[in-house]
Number of protein chains: 2
Amino acid sequence: MRGMLSFLIMWFLSKRPMYGEEIALELEKMKGNKPTPGTIYPALKHLQNNGLVTSQKDGRNIIYSLTEKGTTTSKKAFEYFCNMFEPVFKDCIKAKNLKKI
Amino acid sequence: MRGMLSFLIMWFLSKRPMYGEEIALELEKMKGNKPTPGTIYPALKHLQNNGLVTSQKDGRNIIYSLTEKGTTTSKKAFEYFCNMFEPVFKDCIKAKNLKKI
DNA sequence: TGGCCAATATTGGACGTCCGATATATTTAA
DNA sequence: TTAAATATATCGGACGTCCAATATTGGCCA
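Residues numbered from 1 in each chain as written. Chains lettered and ligands numbered in written order. Predicted model: local features only at pLDDT ≥ 70, side-chain atom pairs only at ≥ 80, totals over all residues. Heavy atoms only, no water.

How should helix H3 (residues 37-49) of chain A be read in this particular structure?
Because an α-helix packs 3.6 residues into every turn, residues spaced three or four apart end up facing the same way. Residue and element names in this part refer to chain A. A rise of 1.5 Å per residue sets the reference length of H3, with its 13 residues, at 18 Å; its end C-alpha atoms lie 18 Å apart and thus fit the reference within 8%. Every buried residue belonging to H3 is among Ile 40, Ala 43, Leu 44 and Leu 47, and all of these are buried. Looking down the long axis of H3, one finds its buried residues gathered within 100° of arc, a one-sided arrangement. Exposed positions of H3 whose direction lies more than 90 degrees from the buried face are Pro 37, Gly 38, Lys 45 and Asn 49. On its buried side, H3 packs onto helix H1 (4-15), helix H2 (20-31), strand E2 (53-58) and strand E3 (61-66). Phi turns positive, to about 75°, at Gly 51, one or two residues after H3. (Helix = DSSP H or I, 4+ residues; strand = E, 2+ residues; numbered from the N terminus. Expected span 1.5 Å × (residues − 1). Buried < 20%, exposed > 50% of the residue type's maximum accessible area, 1.4 Å probe, protein only. Arc of directions from axis to C-beta. Contact = heavy atoms within 4.5 Å.)

Dropping the structure here:
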């Protein structure tokens, strides 16, 4: 369960490269509150140190994207996540269907 | 994202009361590895200290169950979890459907 | 050019997760 | 009645998440 933030960041980056603020805003959309720089940048740094993410300057922004290693790792983590939380997901779907009735 | 273990424990207990080892075995089924006592019991203690869980001796075992407060808290956490991870869940479903083809 | 602002980054501290090691109680089996 | 097995529990240390505060960089505009 540790590493959920890193997992989500990699999931975002698997969709498209993003710069730090974009990632923070995506997390805000998801969670309802925006992580502070002290949350997001250490996580990005950690991912870079492990060779999962690279960065590239673009004007004022620094665009982060998955490396090859990051892509395969993120796929594995995604599958693991799906399998692990499947029973909870099913419960979510059940709860939503009941609401619709 | 912090508190995922506590969330899962409360989700289990919302299904039925369980003793510590049962919880550990449920987590093993989910995650593939069984958390050690040093993981599970501090978490249970923490939930008890916050009045979310009560315990009750039953022979050799100690059965944990949600309090009233624990039940409402767990429901809220469950809804939060469902909403937060909905986009990821949808991706999971998509990935599984593609595999079936 | 100077000042503003958005984005990036670091620090320090708190907290929850996690394991390995160790300890203890109780129940079952030899 | 011991011995083994099961379940509970604590301790120490490492790690990842999180925020508030602070600092720095680079682009933009008055």
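What exactly am I supposed to notice about the protein's contact with DNA strand C here?
For DNA strand C, the set of nearby residues contains 27 residues, the closest of which are Met1(A), Glu21(A), Tyr41(A), Tyr64(A) and Thr39(B). When atoms of DNA strand C within 4 Å of the protein are sorted by moiety, sugar and phosphate together comprise 64%. Take Tyr41(A): an N or O atom from its side chain is 2.6 Å from a phosphate oxygen of DNA strand C. A distance of 3.3 Å separates a phosphate oxygen of DNA strand C from a polar backbone atom of Thr36(B). Each residue belonging to the surface near DNA strand C can be placed in one class, and the counts come to ten nonpolar, ten polar and seven charged. (Near = heavy atom within 4 Å. Polar contact = N/O pair within 3.5 Å; in protein donor to acceptor, adjacent residues only side chain to side chain. Nonpolar A, V, L, I, M, F, W, Y, C, P; charged D, E, K, R; others polar.)

I'm lost on the layout of surface pockets in this one. Help?
It is a probe the size of a water molecule, rolled over the atoms, that shows where empty space is left. In this structure, the largest pocket spans a volume of roughly 530 Å³. Taken together, 15 residues make up the lining of the largest pocket; nearest its centre are Met1(A), Arg2(A), Gly3(A), Met4(B) and Leu5(B). Looking at the lining of the largest pocket, the elements that each hand over two or more residues are H1 of chain A together with helix H1 (4-15) and helix H2 (20-31) of chain B. Here the residues of the lining of the largest pocket are counted per class, giving eight nonpolar, four polar and three charged. In this structure, the second largest pocket spans a volume of roughly 400 Å³. For the second largest pocket, the lining is made up of 19 residues, of which Asp91(A), Ala95(A), Lys75(B), Phe78(B) and Glu79(B) are closest to its centre. Listing elements by their share of the lining of the second largest pocket, those giving two or more residues are helix H4 (68-100) of chain A together with H1 and helix H4 (68-100) of chain B. (1 Å grid on protein atoms, 1.4 Å probe; cavity = no way out; pocket = protein on both sides within 12 Å on 5 of 7 lines; lining within 4 Å. Points joined across faces, edges and corners; volume = space filled by probe spheres on them.)

Where do I start with the sheet that holds strand E1 (residues 18-19) of chain A in this structure?
Remark on secondary structure: sheet strands pair via backbone hydrogen bonds, oriented parallel or antiparallel. Residue and element names in this part refer to chain A. Taking strand neighbours across the sheet as the criterion, the three strands line up as E1-E3-E2 in an open arrangement whose pairing is antiparallel. Here the strands that pair on one side only, and so sit at the sheet edges, are E1 and E2. Note that E2 and E3 share six bridges and pair antiparallel. Looking at E3, one finds that Gln 56 is bridged to Ile 63. Lying over the sheet, H3 contacts E2 and E3, oriented at roughly 115° with respect to E2. (Pairing = 2+ DSSP bridges. Axes fitted to C-alpha atoms, helices over the stretch in contact; angles between N-to-C directions.)

In short, shape yes, function no, at least from these values alone.
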